[in-house]
Amino acid sequence: MIFSLIAGLAASEGNVVVGSACGLVIATALLNIGWFLLNTLGESRKTVALTGAVSRMPDMSEAE
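Here goes a summary of the coordinates provided. (Residues numbered from 1 in each chain as written. Predicted model: local features only at pLDDT ≥ 70, side-chain atom pairs only at ≥ 80, totals over all residues. Heavy atoms only, no water.)

**Side note on the environment of Ala-21**
Inference 1: Relative to the assigned elements, Ala-21 resides in helix α2 (residues 16-42).
Inference 2: Note: C-alpha distance between Ala-21 and Gly-8 (13 residues apart in sequence) is 7.4 Å. (Helix = DSSP H or I, 4+ residues; strand = E, 2+ residues; numbered from the N terminus.)

Put into structure tokens, the structure is as follows:
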């Protein structure tokens, strides 16, 4: 967040409103890249139920 805010302010030449908007756009792009990387790394892992309550739900199936 700090990096994206600094980069946004630098790109907007000190304008706080435009810099904040640019920072938000940069942070959103970085978040999407991070989720993509986590998804790519996690594809080969076996799925695990985080709690026992999830595995006891009868109406849940792997297809959902």
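Read on, since the account is not over.
**Digging into the side chain of Ser-12**
Inference 1: Residue placement: Ser-12 occurs in the loop between α1 (2-11) and α2.
Inference 2: Looking at Ser-12, its side chain comes within polar contact range of the main-chain oxygen of Leu-9, at 3.3 Å.
Inference 3: Dropping the residues within four chain positions of it, Ser-12 is found in contact with Val-18 and Gly-19. (Polar contact = N/O pair within 3.5 Å; in protein donor to acceptor, adjacent residues only side chain to side chain. Contact = heavy atoms within 4.5 Å.)

**With respect to a nonpolar patch on the surface**
Inference 1: Side chains of Phe-3, Leu-30, Ile-33, Phe-36 and Leu-37 sit close together on the surface and give an oily, nonpolar patch of about 560 Å² of accessible area.
Inference 2: With four residues, α2 is the single largest residue contributor to the nonpolar patch.
Inference 3: Structurally, the position occupied by Phe-3 is in helix α1.
Inference 4: Given the relative accessible area of 59%, Phe-3 is considered exposed. (Patch = residues over 30% accessible without salt bridge, like charges linked within 9 Å, V, L, I, M, F, W, Y side chains within 5 Å. Areas by Shrake-Rupley, 256 points an atom, 1.4 Å probe, with all protein chains shown as cover. Salt bridge = Lys/Arg side-chain N within 4 Å of Asp/Glu carboxyl O. Buried < 20%, exposed > 50% of the residue type's maximum accessible area, 1.4 Å probe, protein only.)

**Topic: the packing of α1 against α2**
Inference 1: Look at α1 against α2: their axes get within 7 Å of each other, and the N-to-C directions meet at 135°. The orientation of α1 with respect to α2, classified from their angle, is oblique. Seen along the crossing, α1 lies across α2 with a hand that is right-handed. Contacts between α1 and α2 involve Phe-3, Ser-4, Leu-5, Ala-7, Gly-8 and Leu-9 from the first element and Val-16, Gly-19, Ser-20, Cys-22, Gly-23, Ile-26, Ala-27 and Leu-30 from the second. (Axes fitted to C-alpha atoms, helices over the stretch in contact; angles between N-to-C directions. Parallel < 35°, antiparallel > 145°, perpendicular 65-115°, else oblique. Left-handed = near helix turned anticlockwise from the far one by under 90°.)

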